[in-house]
Amino acid sequence: MLEDIATSNTRLVELTDAVTAHNYRPLPIVVAHAEGAWVTDVEGRRYLDGLAAYSALNFGHRHPALLQAAREQLERVTLTSRAFHNDRLGPFCRDVAALARTDRVLPMNTGAEAVETAVKVARRWGYEVKGVPDGRATIVVADGNFHGRTTTIVSFSTDPVARAGFGPFTPGFVVVPYGDAEALTEALTEDTVAVLVEPVQGEAGVLLPPAGYLARVRELCTAAGVLMIADEIQSGLGRTGATFACDLEGVTPDVYLLGKALGGGIVPVSAVLSRDDVLGVLTPGSHGSTFGGNPLAAAVGHAVVRLLETGEYQERARVLGEHLADRLRPLVGNGLTEVRVRGLWAGIDIDPDLMSGREACELLAERGVLAKETHGSTLRFAPPLVVEAADLDWLVDRLADVLAHAPGRGTP
Ligand SMILES: Cc1ncc(COP(=O)(O)O)c(C=O)c1O
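These lines cover the structure that appears in this document, whether it is placed above or below. Residue positions are given per chain, counting from 1 as you read along its sequence in written order. Predicted model: local features are reported for residues with pLDDT of at least 70 only, side-chain atom pairs are reported and counted for 80 or more only, and whole-chain, interface and lining totals are derived from all residues. The basis for the side-chain values is all heavy atoms of the structure; hydrogens and waters are excluded.

### Brief notes about the site of the ligand
Logical step 1: Lining the immediate environment of the ligand, one finds T110, G111, A112, F146, H147, G148, E198, D231, I233, Q234 and K260.
Logical step 2: Any pair of nitrogen or oxygen atoms within 3.5 Å is treated as a polar contact; in protein, a donor-acceptor pairing is required on top of that, and neighbouring residues in sequence qualify only through side-chain atoms on both sides. Contact distances for the ligand include 3.5 Å between a nitrogen atom and a backbone N or O atom of F146.
Logical step 3: For the accessible areas, the method is Shrake-Rupley and the probe is 1.4 Å, while residue cover comes only from the protein chains on display. For the ligand, whose free accessible area comes to 390 Å², the fraction covered by protein is 82%.
Logical step 4: Using a 2 Å cut-off from the grid points, one finds that the ligand occupies the largest pocket.
Logical step 5: Grouping the amino acids of the shell around the ligand by side-chain chemistry returns three nonpolar, five polar and three charged. Nearness is judged by heavy atoms alone; a residue qualifies as near a molecule or strand once a single heavy atom is within 4 Å of it. Here a cavity denotes a set of grid points, spaced 1 Å apart and computed over the protein atoms alone, in which a 1.4 Å probe fits but from which it cannot get out, and a pocket denotes an open set meeting protein on both sides within 12 Å along at least five of seven lines; residues with an atom within 4 Å of a point are reported as lining. Pocket occupancy is defined atom-wise: a molecule lies in a cavity or pocket when more than half of its atoms are within 2 Å of its grid points. Classification convention: Asp, Glu, Lys, Arg as charged; Ala, Val, Leu, Ile, Met, Phe, Trp, Tyr, Cys, Pro as nonpolar; all other residues, Gly among them, as polar.

Here you go:
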């Protein structure tokens, strides 16, 4: 019975392992409660959340304003489907469009759905507006990309683990090196309808493109008459110290993709944002989602937009991010080989001779810090933006301790 094992970390891990597909390899921490930047496991141990559900929890666990919006909506109406209107969708979309200084919003649920939607919109825009011959549209993407897990999206992934065994793949994508504007120039043809890019590659390890790259992508897209689609599902909504990571380079893409934090860590909410002439290519019946734009999602998403309108969280990310960077940099040469920081978002490369990323995460968890490796020896820190500077100090102190006692260093 669940009741018998509900307070045993080990037994809950065993149960979950026995009855779920093994498409993840989670750390053996069983979270039962959470508040702000901290979580508590079933046995009462507290951990600093250094991952924030891959930035879906930018505003922290159970932010009071978001809980209130959700609770109020639960008491009224939660789902209508798009067969009818609901009183939450219009106000939410108006304000999220204003945040991105654009015209229209197409609400979906998960990030992958937003990406899929953008692929369809870009193709149709290419045929109907740009005049690309039917069936010839191509979309340029970057190597090392992470845009989600659907069959079409893994078709243009360069990660063999994400693709193996899932073919045949969707054609129509061209992969160029990330951050290489020359390669992008050469890849653009008359049949190109869009360039799909992450302003910062989160899953790849918080990889930052060279300064000026996004502005160059913008210029090239404008010159070639193709849509610039910025996947801000992980980088957007405050994480980088600005509302959108594109803002940091003064770039406005044609299409923004949002997800993760848009749902406030409560419900899945994603969205495609663009101008009239782009989203206008969709007609009734050409696209949709039963849950997309549901009133509960819209109410929570709207509350998220209100939090962002104050600029407080963007500023916290900027200031706390500088603090985190200052604390992490001295570890380069002392167990770390590289540190990359953009806002409150850090990718750190651990010296692979010391330990793997997985080992580092296990040792951090033993010390009360939750983090997740991305590839090999790279870890990403993306704590909720409500974290305190003292929490970040504590996190870096734990990391320094892990590095000092690394298996590869022998007995200290
Ligand atoms: C940049 C980016 N795009 C898309 C996705 C996919 O989002 P979801 O997992 O909600 O489908 C992710 C998830 O990590 C992401 O980081």
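### Observations regarding the sheet that holds strand β13 (residues 369–370)
Logical step 1: Within the open sheet, the four strands sit side by side as β1-β2-β3-β13. Their pairing is mixed. A single partner strand is all that each edge strand has here, and the edge strands are β1 (31–35) and β13. At least two DSSP bridges between two strands are needed for those strands to be called paired. Numbering of helices and strands starts at the N terminus; helices are DSSP runs of H or I of at least 4 residues and strands are runs of E of at least 2.

### Here's the deal with the pairing of β1
Logical step 1: Here β1 runs beside strand β2 (residues 38–41); their pairing, made up of four bridges, is antiparallel. What sits directly across from E35, in β2, is W38.
Logical step 2: If you look at the hairpin formed by β1 and β2, you'll find two residues sitting between the two strands, and G36 has a positive phi there, around 60 degrees.

### Let's talk about the layout of surface pockets
Logical step 1: Grid points are joined across faces, edges and corners, and a volume is the space filled by probe spheres set on the points. Estimates place the volume of the largest pocket at around 1200 Å³.
Logical step 2: In terms of lining residues, the largest pocket is bounded by 42 residues, among which Y24, Y54, F146, R149 and E203 are the most central.
Logical step 3: Put simply, the parts of the chain that give the lining of the largest pocket at least two residues each are α3 (52–55), α6 (111–130), α8 (160–163) and β14 (372–373).
Logical step 4: Per element, the largest residue contribution to the lining of the largest pocket is three residues, and it comes from α6.
Logical step 5: Of the volumes computed, that of the second largest pocket is approximately 800 Å³.

### Quick notes on the packing of helix α4 (residues 64–74) against helix α12 (residues 295–309)
Logical step 1: Closest axis-to-axis distance for the α4/α12 pair is 9 Å, and the angle between their directions is 155 degrees. Accordingly, the angle class assigned to the pair α4 and α12 is roughly antiparallel. By crossing handedness, the relation of α4 to α12 is classed as right-handed. Along the contact surface, α4 presents A65, L66, A69, A70, Q73 and L74, while α12 presents P295, L296, A299, V300, A303, V304 and L307.
Logical step 2: Broken down by class, the residue content of the contact of α4 with α12 amounts to 12 nonpolar, one polar and no charged. Orientation is described by lines fitted to C-alpha atoms, with helices fitted over the stretch in contact, and by angles between N-to-C directions that extend from 0 to 180 degrees. If an angle is under 35 degrees, it is roughly parallel; if it is over 145, roughly antiparallel; if it lies from 65 to 115, roughly perpendicular; otherwise it is oblique. Definitions for this section: a left-handed crossing has its near helix turned counterclockwise from the far helix by less than a right angle. A right-handed crossing has that turn clockwise. In what follows, a contact means two residues having at least one pair of non-hydrogen atoms within 4.5 Å.

### Overview of helix α5 (residues 89–99)
Logical step 1: We call a residue buried when its accessible area falls under 20% of the maximum for its residue type, exposed when it is over 50%, and partly exposed in between, using a 1.4 Å probe and counting protein chains only. Buried residues of α5: L89, F92, C93, D95, V96, A97 and L99, and no others.
Logical step 2: Immediately downstream of α5, the backbone of R101 shows phi near 50 degrees, a positive value.

### Section: unusual backbone geometry
Logical step 1: Going from G167 to P168, the amide bond is cis rather than trans, its omega being 5 degrees.
Logical step 2: By the element assignment, P168 lies in the loop between α8 and β6 (173–176).
Logical step 3: Even without being a glycine, V206 presents a positive backbone phi close to 55 degrees.
Logical step 4: Looking at where V206 falls in the secondary structure, it is placed in the loop between β7 (192–197) and α10 (213–224).
Logical step 5: Of note, the phi angle at L237 is positive, near 65 degrees, even though the residue is not glycine.
Logical step 6: Note that L237 resides in the loop between β8 (227–231) and β9 (255–258).
Logical step 7: Judged by relative accessible area, which is 1%, L237 ranks as buried.

### Structural notes on the nonpolar core
Logical step 1: The biggest cluster of nonpolar side chains holds 95 residues, and the ones touching the most others in it are L328, M355, L379, F381 and L399.
Logical step 2: At nine residues, α12 tops the list of elements feeding residues into this core.
Logical step 3: Not counting chain neighbours up to four residues away, the residues in contact with M355 comprise I350, A360, L363, S377, V402, L403, A406 and P407.
Logical step 4: Nonpolar cores are built from buried Ala, Val, Leu, Ile, Met, Phe, Trp, Tyr and Cys residues. Side-chain atoms within 4.5 Å join them into one set. Within the second largest apolar cluster, 29 residues are counted, among which are L106, V119, V278 and L279.

### Things to note about the packing of aromatic side chains
Logical step 1: Aromatic contacts are taken between Phe, Tyr and Trp rings whose centres are within 6.5 Å, Trp giving its six-membered ring; a plane angle under 30 degrees counts as stacked, one over 60 as edge-to-face, and the others as tilted. Scanning the entire structure with this criterion turns up five aromatic pairs.
Logical step 2: Judged by centre distance (5.5 Å) and plane angle (55 degrees), the rings of W38 and W394 are tilted. In this pair, W38 is assigned in strand β2 and W394 in helix α15 (residues 389–404), connecting sequence segments 356 residues apart.
Logical step 3: Relative accessible area serves as the criterion here: at 17%, W38 is assigned to the buried category.
Logical step 4: When the ring of F59 is compared with that of Y313, the centres are 5.2 Å apart and the planes differ by 85 degrees; the resulting orientation is edge-to-face. Of this pair, F59 sits in the loop between α3 and α4 while Y313 sits in helix α13 (residues 312–328), and the two are 254 residues apart along the sequence.
Logical step 5: Residue F59 is classed as buried on the basis of its relative accessible area of 2%.
Logical step 6: Owing to a relative accessible area of 6%, Y313 belongs among the buried residues under this scheme.

### Structural notes on the environment of L370
Logical step 1: Turning to its location among the elements, L370 is positioned in strand β13.
Logical step 2: We classify L370 as buried; its relative accessible area is 13%.
Logical step 3: Sequence separation of L370 and L395 is 25 residues, and the distance between their C-alpha atoms is 9.3 Å.
Logical step 4: Setting aside residues up to four positions removed in sequence, L370 forms contacts with I29, V39, Y47, L48, D49, G50, L51 and A365.

### Section: the sheet that holds strand β10 (residues 270–274)
Two modes of strand pairing occur in sheets, parallel and antiparallel, and in both the strands are linked by backbone hydrogen bonds.
Logical step 1: Pairing in this open sheet of seven strands is mixed, and the strands run β4-β10-β9-β8-β7-β5-β6 from one edge to the other. Every interior strand has two partners, whereas the edge strands, β4 (104–108) and β6, have only one. Across the sheet, the mean angle separating the axes of adjacent strands is 20 degrees when strand polarity is ignored.
Logical step 2: Here five bridges tie β4 to β10, and the two strands are oriented antiparallel to one another. Each bridged residue has a counterpart across the sheet, and for V105 the counterpart in β10 is L273.
Logical step 3: Sitting on the sheet, α6 is in contact with β4, β5 (138–142), β6, β7, β8, β9 and β10, with an inclination near 155 degrees to β7.
Logical step 4: With respect to the sheet, α10 is in contact with β7 and β8, its orientation differing from that of β8 by roughly 150 degrees.

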